[in-house]
Amino acid sequence: MKKVELVEAVATATGLTKADSTRAIDATFAAITKALAKGDKVPLVGFGTFGVSKRAAREGRNPRTGEKVTIASRKAVTFKAGSALKDAVN
């Protein structure tokens, strides 16, 4: 599903205009992004939980040359699906 399709689905389900639906979706994504940037978890009951995990620095290999490369530590976004979402998919 593309963002345009999501906007149409939200507009249809809520009776909002597509412009209002777009603003609501953008605001939701911005709020989730801001919370994750602060290191907070974002639990959405019945859907799942967004979080941030720290990945340690490690050594990898360049696939073209086989040369060893150091991969820097970083933060990664994680998502754990909730039981209601798992049940809906299965």
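Keep in mind that this is a model prediction, so the values were computed, not measured.

Okay, the overall build of the protein next. If you tally the helices and strands in the protein, you get three helices and five strands. In sequence order, the protein lays out its α and β elements as α-α-β-β-β-β-β-α. Summarising its shape, the C-alpha atoms of the protein cover approximately 55 × 30 × 25 Å along the three principal directions. Buried positions account for 14% of the 90 residues belonging to the protein. In the protein, 28% of the contacts between residues at least 6 apart in sequence involve partners at least 24 apart. Counting every atom, the protein has about 7,200 Å² of accessible surface; 57% of that belongs to carbon and sulfur.

The next point concerns the sheet that holds strand β1 (residues 42-44). Taken together, the three strands give an open sheet; going across it, the order is β1-β2-β5, and neighbouring strands pair in antiparallel fashion. Looking at the sheet topology across the chains shown, the edges are occupied by β1 and β5 (74-81). Neighbour-to-neighbour, the strand axes of the sheet open up by a mean angle of 25°, direction not taken into account. Pairing of strand β2 (residues 48-55) with β5 involves eight bridges; the strand directions are antiparallel. In the sheet register, V52 faces β5, and the bridge partner there is V77.

Here the focus is the side chain of S21. When you line up the elements, S21 lands in helix α2 (residues 18-37). Overall, S21 belongs to the buried group, its relative accessible area being 0%. When sequence neighbours within four positions are dropped, the list of residues in contact with S21 reads V7, V10, A11, T14 and L16.

On to the pattern of salt bridges, then. In this structure the tally under the stated criterion is five salt bridges. As a salt-bridge pair, D20 and R23 come within 2.4 Å of each other at their nearest N and O atoms. In this pair, D20 and R23 both sit in helix α2, three residues apart, roughly one turn of the helix. Residue D20 is classed as partly exposed on the basis of its relative accessible area of 31%.

The next subject is the packing of helix α1 (residues 3-14) against α2. In contact at an axis separation of 9 Å, α1 and α2 are set at 115° when each is read in the N-to-C sense. Relative to α2, α1 is oriented roughly perpendicular. Viewed along their axes, α1 and α2 form a crossing whose handedness is right-handed. Between α1 and α2, the contacting residues are K3, L6, V7, E8, V10, A11 and T14 on the first element and K18, S21, T22, I25, D26 and F29 on the second. Per-class residue counts for the contact of α1 with α2 are six nonpolar, three polar and four charged.

Parameters and conventions
- Chains are numbered independently. Their residues run from 1 in the order of the written sequence.
- Local features in this predicted model are restricted to residues whose pLDDT is 70 or higher, and side-chain atom pairs enter the listing and the counts only when it is 80 or higher, whereas totals over whole chains, interfaces and linings include all residues.
- To get the side-chain values, take all heavy atoms of the structure and skip hydrogens and water.
- Runs of E in the DSSP output that reach at least two residues are strands. Runs of H or I that reach at least four are helices, and both are numbered from the N terminus.
- For each residue, the accessible area found with a 1.4 Å probe, counting protein chains only, is set against the maximum for its type, and the residue is called buried under 20%, exposed over 50%, and partly exposed in between.
- Note on contacts: a residue pair qualifies if any of its non-hydrogen atoms lie within 4.5 Å across the two residues.
- Methods summary: accessible areas were calculated by the Shrake-Rupley approach with a probe of 1.4 Å, and residue burial reflects only the protein chains presented.
- DSSP calls a pair of strands paired once it identifies at least 2 bridges connecting them.
- Throughout, an axis means a line fitted to C-alpha atoms (over the contacting stretch in the case of helices), and angles, computed between N-to-C directions, take values from 0 to 180 degrees.
- Here a salt bridge means any side-chain nitrogen of Lys or Arg lying within 4 Å of a carboxyl oxygen belonging to Asp or Glu.
- In this scheme, roughly parallel covers angles under 35 degrees and roughly antiparallel covers those over 145, while 65 to 115 is roughly perpendicular and the rest are oblique.
- By definition, any crossing whose near helix is turned counterclockwise from its far helix by less than a right angle is left-handed, and any crossing with a clockwise turn is right-handed.
- In the scheme used here, Gly and all other residues not listed as nonpolar or charged are polar, with Ala, Val, Leu, Ile, Met, Phe, Trp, Tyr, Cys and Pro taken as nonpolar and Asp, Glu, Lys and Arg as charged.

Interpretation note: all reported values are geometric properties and have no functional meaning in isolation.
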